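Coordinates in review
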Amino acid sequence: MDKKDRRILEADELDALQQQKEEQKYKQKKKKQQQEENQLEEEEEDEEFDSFIVQDDAPISQEQDENNENSQIEQLRAKQNYENSILEFLNFLFHILNLDPKINEEIIVIKRNCLKMLKINDFQKIAEYKEPCIILKIQDVVCKNCLHVIELDVFRDLWVCQECSIPYDKYYLENKLIQEIQNEITLYQIQDLYCVKCFGVKDDYLSVNCPGCSTGYKVNIDSNVTPLIGIDGVKVRNSLLLLAEKNQFSVLKHVILNSWKLM
């Protein structure tokens, strides 16, 4: 082996040694970075644990899910916000007692005296009983198992057949709700306009005011016939929207969000 070959071998050995040193440095650097990352993760876990101990009232994720579900159920029931709890308690109490016709006269006197203590007249609207839940009934709900037909209250009744105890098909109920919405929108669009003063029905298409008394027109919406458009229509629609999200009624949700743009 001549000198030239030896020099080539020595150069190759030096390159190999230098490459090994660089690899060792890279491994050490990588190991150091990994240790620093592990240390940071441990510190973050300690901070989270400390914050969890300090905030001992904070619920865990499962409890949060349960609370969210309960709040949605309460919203679906569409409960009203009562400002005077004592007055509402009296209204509920006397409404139950009035179910017995034998003591109606005594109940009227007792209720009047109780309202006097609250400085409220018994003829005021706030002294009247109000249904705590919004009522939305679907007509002619048929059980596919026993063919039993009922009138189903969406927010208060169980979605189970009263005869055979088999649950109703959810998508069948979704179609019934969509049909109910379409019927009410149709009733709203084809209804008559009434004069505000003389209650005369508008009999033409061009007049803005009543020809008899020169007063404007208004719609006459009966909340009992059209609960989705009546006084509590916004509450009913919001409750239906929550109901659609809860039961994954995508078509019903789309109808609710887009149908009332027509009015």
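Looking at an unreviewed UniProt entry, one finds the protein chain named DNA polymerase epsilon catalytic subunit, with Ichthyophthirius multifiliis as its source organism. For the record of the protein chain, the UniProt heading Subcellular location (unreviewed entry) holds the text "Nucleus". One UniProt comment on the protein chain, placed under Catalytic activity (unreviewed entry), says "DNA(n) + a 2'-deoxyribonucleoside 5'-triphosphate = DNA(n+1) + diphosphate".

On to the pattern of salt bridges, then. A full pass over the atoms with the stated rule returns five salt bridges. Close ionic contact of Asp 122 with Arg 112 constitutes a salt bridge, the shortest N to O distance being 3.1 Å. Highlighted residues: Asp 122 in the loop between helix H4 (104-117) and strand S1 (137-142) and Arg 112 in helix H4, separated in sequence by ten residues. Its relative accessible area of 25% is what places Asp 122 among the partly exposed residues. The salt bridge partner of Glu 151 is Lys 137, with a shortest N-O separation of 3.8 Å. Taken together, the residues span a long stretch of sequence, with Glu 151 in strand S2 (residues 149-153) and Lys 137 in strand S1 at a distance of 14 residues. By relative accessible area, Glu 151 is classed as partly exposed at 40%.

The N-to-C vectors of helix H5 (residues 170-190) and helix H7 (residues 250-259) enclose an angle of 15°; their axes lie 9 Å apart at closest approach. Comparing their axes, H7 and H5 come out roughly parallel. You can see that H5 and H7 cross each other, and the crossing is left-handed. Every residue of H7 that contacts H5 at Glu 174, Leu 177, Ile 178, Ile 181 and Ile 185 is listed here: Ser 250, Val 251, Leu 252, Val 255, Ile 256 and Ser 259. Residue classes in the contact of H5 with H7 are distributed as eight nonpolar, two polar and one charged.

Attention now goes to the confidence of the model for the protein chain. Across the protein chain, the average pLDDT comes to 76, with 73% of residues at or above 70. For the protein chain, the element scoring lowest by mean pLDDT is helix H2 (residues 61-76), at 50; S2 scores highest, at 91. In the model, residues 48-60 has pLDDT below 50 throughout and makes three contacts with residues more than four positions away in sequence or in other chains. Considering only residues more than four positions removed or in separate chains, one finds that residues 72-81, a stretch of pLDDT under 50, has 21 contacts.

Looking now at helix H6 (residues 233-246). Look at H6: 20 Å from first C-alpha to last across 14 residues, which is about the 20 Å you get at 1.5 Å a residue. All buried positions along H6 are accounted for by Gly 233, Val 236, Ser 239, Leu 240, Leu 241, Leu 243 and Ala 244. Directly beyond the C-terminal end of H6, a positive phi value near 60° is found at Gln 248.

What counts and how
- Numbers given for residues are sequential positions, taken from 1 along each chain in its written order.
- Confidence filtering applies because this is a predicted model: local features only for residues at pLDDT of at least 70, side-chain atom pairs given and counted only at 80 or more, and all residues used for totals across whole chains, interfaces and linings.
- Based on all heavy atoms of the structure, the side-chain values leave hydrogens and waters out of the count.
- UniProt positions are given in the numbering used here, feature names are shortened, and annotations may be inferred rather than shown by experiment.
- Any carboxyl oxygen of Asp or Glu that lies within 4 Å of a side-chain nitrogen of Lys or Arg is treated as forming a salt bridge with it.
- Secondary structure elements are taken from DSSP: a helix is a run of H or I of four residues or more, a strand is a run of E of two residues or more, and numbering for both begins at the N terminus.
- In this scheme, a residue with accessible area under 20% of its type's maximum is buried, one over 50% is exposed, and one in between is partly exposed, where area comes from a 1.4 Å probe on protein chains only.
- Each axis is a line fitted through C-alpha atoms, taken for helices only over the stretch in contact, and angles between the N-to-C directions span 0 to 180 degrees.
- What sets the label is the angle itself: under 35 degrees gives roughly parallel, over 145 gives roughly antiparallel, 65 to 115 gives roughly perpendicular, and the rest give oblique.
- Two helices that cross are described as forming a left-handed crossing if the nearer one is turned anticlockwise from the farther one by less than a right angle, and a right-handed crossing if clockwise.
- What makes two residues a contact is simply this: any of their non-hydrogen atoms within 4.5 Å.
- For this classification, the nonpolar set comprises Ala, Val, Leu, Ile, Met, Phe, Trp, Tyr, Cys and Pro, the charged set comprises Asp, Glu, Lys and Arg, and every other residue, Gly included, is treated as polar.
- The pLDDT score gives, residue by residue, the confidence of the prediction method on a 0 to 100 scale.
- Every helix has an expected span of 1.5 Å times one less than the residues it contains.

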